[in-house]
Amino acid sequence: MTNGSTWTERLACRGGEMGRIIAAHDWTASGLGPIEGWSATLRTVVKVILASPAPQVLLVGADGLMIYNDGYAQIAGSRHPHILGQAVCTGWPEAAAFNRTVLDTVLAGTPVTYTDLPLVLYRNGGPEDLWFDLAYSPVVDEAGARIGVLGIVTETTERVRVQQELARSRERLAFALNSAGMIGTWDWHIGSNLFFPDARLADLFGPGRVSGEAGMPVEQYLESIHPDDIARVRDAFRVAIASKEKYSAEYRLKARDGGWRWVIARGECLYDHEGRPARFPGAIVDITELKESEEARSILLRELNHRVKNIFAVVSGLISMTARTTATPRDMAEALRGRLTALAAAHDLIRSAVFGEPNETETTPLSDLLERILAPHLGHPDQVRVTGPPVMLGASAATSLALVFHELATNAAKYGALAEEGSALDIAWTATATEVTLNWTEHKATATGEAPTHRGFGSQLITMSVQRQLKGALTYDWSRSGLRVSLTVPIQTLVR
C-alpha cells in the first residue's frame, strides 16, 4: 500500500472486518456523504473505535447515525450489519425513547453512564432481557462543535443473571436453613487457632461483639458451651481430627438471652498437602424443641410404666374398700365393677397425654373432670367436698390436669385422706379474669408423721404438668393433719 492510497483503502486494509464493511458501505444515502469527505475528527474517532477491543459505537449527528466496531457488532446480533449507518432510534426502535434521551443529553454537553441497565431488545428476532454497563460522552471537532456521541457498551447480562441466581439460591438456602433450625456455620483455622463464625452464629454472641472477618480464639467459642458438655465437645473434636472421620456432637449452647439451647454440630477436618490438620468447617443446628419433645416423651413413657405399676395397688385398694362397705358378694361385685369402670374412664383422660391423641370433646368442665378422676377412690361420697365457679378446660389443659388430679387422688387413696374412714378431702377453687387458683386440702382422722423428704416420680410429674405445660405455680404444704396443695394457672392456658 503506497502513501498515495485513499483513506477508504487504508480503512479497508487496516480496520479489520468492520473496517472493510464500513469502507464498502454506501454512506451517500445516510447523509454523512462519502468517506473521503469526512472530517479529520470523525475519521480519527472511527480509527480509535476500530482499534479498540471493547464494544464501541459512534452516534453521529442529531439523529445518531451508527458507526461501530467488531465488539458492538457481536452485541447487535442479527441486526448487524443492517443497522450500520442507521439512526440509532430507527435501528433499535424498542429502545428509541432511551436512545433519544441519551442523544439529547450528551449532545448538550453532559456525559451519562449506566451500570447494569436493564433493556429488552430484539437483537435475534425475539425479546430478550439484557443488562449493560454504558458510558456516553460527546465528540467535539476542531472548531469545538459537538458532532456526535461516543458510546462504550459492555454487556453484563451473564453476570447479572449469575448474581440473580446466586441471590435466589441464597434466599432458598436461608429459607431451608431457617426451616431446619440452622444457627450458623463456622470455619476453624487450626494453625492460627482462630474460629470464624458466619453472621448468624456471630449474632449469637451479641451485636458487634464478634467479627466473622477477624475471627476469635476457638476457646472463646468453647466458653459459650455448657460446662457439663464442654469436655465431651473437646473430645469429639480431638477424635474427629485424629481419625479423619466426620464430627458430630450434641450440646447446650448459651443464647443471647442467657438461656441454653440444645444444638447439634457437624463438621469435618480438612488437611493440607502434607496431611496436617488445616481447617475445620462445620454447621450448628438448633434441636431444642426436639430435645424437649424427647424429654416429654420419656417422662410420659415413665409415667405410663409408673401408672401400670400403680394400677395393681389401686385395684387392690378398691377391693378392700368395697369389701368393707358391702354385705354380699353380689353387692361387692356390682360396686367393684362400677368403680373399675370409673377408673378406666379416668385413665381415658390420661391416654391422650401418653399417646399424643386429641380429646374427643373440645372442652371439659373442671368439676366433671374432678368427679371422673375421684370416682374410683371414694368409699363414702361425703368424704369429698368440691366447690368452685364454672371453669371450662380446653383439651390440652384437661389432659394435664387429669394427670395432676389422678396422681393426687391415687396418693390420697393410698396414704392420705381417702385411705381411711373419718378423713375428708376439700377441693375448692376461685377464678378471676386472669387465673384460677385451686386448693386441694386433705384432713386426716389420724395425725401423720413428718413430711416426706424424697420427691417421687409422681410429685415430679405433677410439677412438670403444672409448671411446664400449664405455665402455672404449685406449692405443697405438709402438716400432721394432712397434705395441702395449692396451684394457680393462667386462664389463657386453661382454655387450650
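Rules and cut-offs
Residues numbered from 1 in each chain as written. Predicted model: local features only at pLDDT ≥ 70, side-chain atom pairs only at ≥ 80, totals over all residues. Heavy atoms only, no water. Salt bridge = Lys/Arg side-chain N within 4 Å of Asp/Glu carboxyl O. Helix = DSSP H or I, 4+ residues; strand = E, 2+ residues; numbered from the N terminus. Buried < 20%, exposed > 50% of the residue type's maximum accessible area, 1.4 Å probe, protein only. Core = buried A, V, L, I, M, F, W, Y, C linked by side-chain atoms within 4.5 Å. Contact = heavy atoms within 4.5 Å. Polar contact = N/O pair within 3.5 Å; in protein donor to acceptor, adjacent residues only side chain to side chain. Pairing = 2+ DSSP bridges. Axes fitted to C-alpha atoms, helices over the stretch in contact; angles between N-to-C directions. 1 Å grid on protein atoms, 1.4 Å probe; cavity = no way out; pocket = protein on both sides within 12 Å on 5 of 7 lines; lining within 4 Å. Points joined across faces, edges and corners; volume = space filled by probe spheres on them. Nonpolar A, V, L, I, M, F, W, Y, C, P; charged D, E, K, R; others polar. Phe/Tyr/Trp six-rings, centres within 6.5 Å; stacked < 30°, edge-to-face > 60°. Expected span 1.5 Å × (residues − 1). Parallel < 35°, antiparallel > 145°, perpendicular 65-115°, else oblique. Left-handed = near helix turned anticlockwise from the far one by under 90°.

Chemist: With reference to specific residues and values, describe the pattern of salt bridges.
Modeler: Applying the stated criterion across every chain, the model contains 19 salt bridges. A salt bridge links Asp-426 to Arg-385; the nearest nitrogen and oxygen atoms lie 2.6 Å apart. Of the two residues, Asp-426 is situated in strand S16 (residues 424–431) and Arg-385 in strand S14 (residues 384–387); the sequence distance between them amounts to 41 residues. Residue Asp-426 is classed as partly exposed on the basis of its relative accessible area, which comes to 21%. Linked by salt bridges that have partners in common, Asp-116, Asp-133 and Arg-159 make up one network.

Chemist: How would you explain the nonpolar core if you had to name every residue and give the values?
Modeler: Within soluble globular proteins, side chains that are nonpolar generally end up buried alongside one another. One finds Ile-22, Trp-38, Val-46, Leu-58, Met-66, Tyr-68 and Trp-92 to be the most contacted residues of the largest nonpolar core, which totals 47 residues. Apart from the residues within four sequence positions on either side, Ile-22 is in contact with Leu-11, Trp-27, Ile-35, Trp-38, Leu-50, Ile-67, Tyr-68 and Leu-84. Ranked by size, the runner-up nonpolar core spans 34 residues in total, among them Val-384, Ala-397, Ala-409 and Val-466.

Chemist: Can you tell me about the side chain of Asp-187, naming the residues and giving the values?
Modeler: Within the secondary structure, Asp-187 sits in strand S6 (residues 182–189). According to the relative accessible area criterion, Asp-187 is buried, its value standing at 17%. In terms of polar contacts, Asp-187 uses its side chain to reach the side chain of Arg-279, at 2.7 Å. Setting aside residues no more than four positions away along its own chain, Asp-187 makes contact with Leu-194, Phe-195, Phe-196, Arg-279, Phe-280 and Pro-281.

Chemist: Requested: an account of the sheet that holds strand S1 (residues 56–60), with residues and values cited.
Modeler: Spatially, five strands are ordered S2-S1-S5-S4-S3 in an open sheet, and the strand pairing comes out antiparallel. Every other strand in the sheet has two partners, leaving strand S2 (65–68) and strand S3 (112–121) as the edge strands with one partner each. Taken over all neighbouring pairs, the strand axes of this sheet differ in orientation by 30° on average, direction set aside. Summarising the sheet, strand S4 (residues 128–140) and strand S5 (residues 146–155) pair through nine bridges and their orientation is antiparallel. For Val-140, the partnering residue across the bridge sits in S5 and is Arg-146. Lying over the sheet, helix H3 (residues 40–51) contacts S1, S2, S4 and S5, oriented at roughly 160° with respect to S1. Relative to S4, helix H6 (residues 96–107) is tilted by about 20°, and along the sheet it contacts S1, S3, S4 and S5.

Chemist: Please provide a residue-by-residue account of empty space enclosed by the protein, values included.
Modeler: For the structure shown, the criterion picks out four cavities of 30 Å³ or more. Considered as a void within the structure, the largest cavity measures approximately 190 Å³ in volume. In terms of lining residues, the largest cavity is bounded by 15 residues, among which Tyr-72, Trp-92, Asn-99, Leu-119 and Tyr-136 are the most central. For the lining of the largest cavity, the elements supplying multiple residues, two or more each, are S1, helix H4 (70–76), H6, S3 and S4. Element by element, the count of residues in the lining of the largest cavity is highest for S4, at three residues. Taken together, the residues of the lining of the largest cavity sort by class into 14 nonpolar, one polar and no charged.

Chemist: Mind laying out the packing of aromatic side chains, listing which residues take part and the relevant values?
Modeler: Here the structure, examined in full by the defined rule, presents 14 aromatic pairs. Pairing Trp-7 with Trp-38 gives two aromatic rings, centres 6.3 Å apart and planes at 55°, and the pair type is tilted. One end of the pair, Trp-7, is in helix H1 (residues 7–14); the other, Trp-38, is in the loop between helix H2 (16–24) and H3, and 31 residues separate them in sequence. Taking the relative accessible area as the measure of exposure, Trp-7 reaches 11% and is therefore buried. Centre to centre, the rings of Tyr-68 and Tyr-72 are 5.1 Å apart; their planes meet at 45°, and the pair counts as tilted.

Chemist: Go over the environment of Gly-191 with me, naming the residues and quoting the values.
Modeler: When you line up the elements, Gly-191 lands in the loop between S6 and strand S7 (194–197). Separated by 86 residues in the primary sequence, Gly-191 and Pro-277 have C-alpha atoms spaced 7.9 Å apart.

Chemist: Please set out helix H14 (residues 395–414) residue by residue, giving values where relevant.
Modeler: Count 3.6 residues to each turn of an α-helix, and residues three or four apart come out pointing the same way. Compared with an ideal rise of 1.5 Å per residue, which puts 20 residues at 28 Å, H14 spans 28 Å between its outermost C-alpha atoms and is within 8% of the ideal. Summarising burial for H14: 15 of the 20 residues are buried, a large majority.

Chemist: Just give me the short version of the packing of helix H13 (residues 366–374) against H14, but keep the residues and values in it.
Modeler: Where H13 contacts H14, the axes come no closer than 9 Å and their chain directions differ by 40°. Comparing the axis directions of H13 and H14 gives the class oblique. Judged by the sense of rotation from one axis to the other, the crossing of H13 with H14 is right-handed. Across the interface between the two elements, Leu-366, Leu-369, Leu-370, Ile-373 and Leu-374 from H13 touch Ala-398, Leu-401, Ala-402, Phe-405, His-406 and Ala-409 from H14. Residue classes in the contact of H13 with H14 are distributed as 10 nonpolar, one polar and no charged.

Chemist: Account for the sheet that holds strand S17 (residues 435–443), naming residues and giving values.
Modeler: Overall, mixed pairing links the five strands, which are arranged S14-S16-S17-S19-S18 in an open sheet. Every interior strand has two partners, whereas the edge strands, S14 and strand S18 (473–479), have only one. Pairwise comparison of adjacent strand axes, ignoring direction, gives a mean angle of 10° for this sheet. Direction of pairing for S17 relative to strand S19 (residues 482–490): antiparallel, over a ladder of seven bridges. What sits directly across from Glu-435, in S19, is Pro-490. Against the sheet, H13 touches S14, S16 and S17, its axis set at about 160° to S16. Sitting on the sheet, H14 touches S17 and S19, and the angle it makes with S17 is about 10°.

Chemist: How would you sum up the packing of H1 against H2? Please name residues and give values.
Modeler: Across the interface, H1 lies against H2 with an axial gap of 6 Å and an inter-helix angle of 150°. What the angle tells us is that H1 and H2 run roughly antiparallel. Touching Thr-8, Leu-11, Ala-12 and Arg-14 of H1 are Gly-16, Gly-19, Arg-20, Ile-22 and Ala-23, all from H2. Looking at the contact of H1 with H2 residue by residue, the class counts come to four nonpolar, three polar and two charged.

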